[in-house]
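Structural description and commentary
What follows is the residue order along each chain.
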Amino acid sequence: MRLNDPAGAQIPRKRQMTRRSADTRTCDAAIVGAGPAGLCAATLLARTGASVALIGPVDANAADTRTSALFAASLTILQQCGVWPQLQPLSAALQKIRIVDRITRSDYPSIVLFEAQEIGDQPFGYNVANTDLVRAFEQRFGNFTDVLRIASPVTSIDHHSDGVQLGCEDGTSILARLVVAADGQNSPARSAAGINAA
């Protein structure tokens, strides 16, 4: 991947996705990474009317057997995105939380059990399969009009005075005024911006 030095360019206000040239499309925001975090960010931006490009493999998390425990703030975001009605029937309510302390005595750990019914009639949160999260967000994002879904990975990131140009493996070129780095722990997008998240 080719990276250049970040430039402190101001980002203009939003406009519709257009073609800067025959080979480059412009948009307000580009999301690098199509996991749950990237899809959520793309959906939230798209619902404001911004033109959004979401870049990352489709069904990259198809073999992901992990789940996410979602609490009040996360559930509010899912509701704002319009995906919670689809996800709630697929989720498991978190009625109990067990905390195990093995630091003091590993041979006889202390255990504390919290039950949601002790504080009200609602569960602490919900457990949702990551594959279900991704599927719901992909469907929701596809319902917006001024969006672009690119399944090819990013191979180059270059900073210009009018935005950030992203080159993809399939030859697609995007010029975005905002780039969201949601491409994992060792994020090339964050490295391109000079952000050290280690």
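What counts, and where the lines are drawn
Residues numbered from 1 in each chain as written. Predicted model: local features only at pLDDT ≥ 70, side-chain atom pairs only at ≥ 80, totals over all residues. Heavy atoms only, no water. Helix = DSSP H or I, 4+ residues; strand = E, 2+ residues; numbered from the N terminus. Buried < 20%, exposed > 50% of the residue type's maximum accessible area, 1.4 Å probe, protein only. Contact = heavy atoms within 4.5 Å. Areas by Shrake-Rupley, 256 points an atom, 1.4 Å probe, with all protein chains shown as cover. Phe/Tyr/Trp six-rings, centres within 6.5 Å; stacked < 30°, edge-to-face > 60°. Patch = residues over 30% accessible without salt bridge, like charges linked within 9 Å, V, L, I, M, F, W, Y side chains within 5 Å. Salt bridge = Lys/Arg side-chain N within 4 Å of Asp/Glu carboxyl O. Core = buried A, V, L, I, M, F, W, Y, C linked by side-chain atoms within 4.5 Å. pLDDT = per-residue confidence, 0-100. Axes fitted to C-alpha atoms, helices over the stretch in contact; angles between N-to-C directions. Parallel < 35°, antiparallel > 145°, perpendicular 65-115°, else oblique. Left-handed = near helix turned anticlockwise from the far one by under 90°. Polar contact = N/O pair within 3.5 Å; in protein donor to acceptor, adjacent residues only side chain to side chain. Pairing = 2+ DSSP bridges.

Moving on: the overall build of the protein chain. Counting secondary structure elements, the protein chain contains five helices and 13 strands. Counting over 198 residues, the protein chain shows a buried share of 38%. Intrachain contacts of the protein chain at a sequence separation of at least 6 include 64% that bridge at least 24 residues. For the protein chain, the accessible area works out to roughly 11400 Å², and carbon and sulfur atoms hold 50% of it.

It is worth spelling out the packing of aromatic side chains at this point. Using the criterion set out here, one finds one aromatic pair in the structure. Ring centres of Trp84 and Tyr126 lie 5.1 Å apart, and the angle between their planes is 65 degrees; on these two criteria the pair is classed as edge-to-face. Of the two residues, Trp84 sits in helix H3 (residues 84-87) while Tyr126 sits in strand E9 (residues 125-129), which places them 42 residues apart along the sequence. An identical accessibility class is assigned to Trp84 and Tyr126; each is buried.

Below, the discussion takes up a nonpolar patch on the surface. Judged by side-chain polarity, Ile99, Val112 and Phe114 come together as a nonpolar surface patch covering roughly 250 Å² of accessible area. Residue position: Ile99 is located in strand E7 (residues 96-101).

Next up on the list: the nonpolar core. Core analysis: the largest hydrophobic core is formed by 26 residues, its most contacted members being Val52, Leu78, Leu87 and Phe137. At the level of elements, helix H1 (36-46), strand E4 (52-55), helix H2 (72-81), H3, E9 and helix H4 (130-141) are the ones that each hand at least two residues to this core. Counting residues in each nonpolar core, the second largest holds 16 residues, with Val154, Ile157, Leu166 and Ala176 among its members.

Confidence along the protein chain averages 86 in pLDDT terms, with 85% of residues attaining 70 or more. In the predicted structure, residues 2-13 sits below a pLDDT of 50 and forms 26 contacts with residues beyond four places in sequence or in another chain.

Quick look at the packing of H1 against H2 now. Where H1 contacts H2, the two axes come as close as 10 Å, and the packing angle between them is 50 degrees. As far as their axial angle goes, H2 and H1 are oblique. Here H1 and H2 pass one another in a crossing that is left-handed. Between H1, through Cys40, Thr43 and Leu44, and H2, the contact on the second element is made entirely by Ile77, Gln80 and Cys81.

A few words on the environment of Asn143. You can see Asn143 is positioned in the loop between H4 and strand E10 (147-150). Judged by relative accessible area, which is 53%, Asn143 ranks as exposed. In this structure the C-alpha to C-alpha distance between Asn143 and Ala46, which are 97 residues apart in sequence, comes to 9.8 Å. A distance of 3.4 Å separates a polar atom in the side chain of Asn143 from the backbone oxygen of Gln139.

Glancing now at H1. Those residues of H1 lying buried are Gly38, Leu39, Cys40, Ala41, Ala42, Thr43 and Ala46. At its buried positions, H1 is contacted by strand E3 (24-32), E4, H2, H4, E10 and strand E13 (173-181).

Once that is clear, we can look at the pairing of E3. The buried fraction of E3 is high, at eight of nine residues. In this structure, E3 lies alongside E13, joined through eight bridges in parallel fashion. By the bridge assignment, Cys27 is partnered in E13 with Ala176. As judged from the four bridges shared by E3 and E4, these two strands associate in the parallel manner. Bridging across to E4, Ile31 finds its partner in Leu54.

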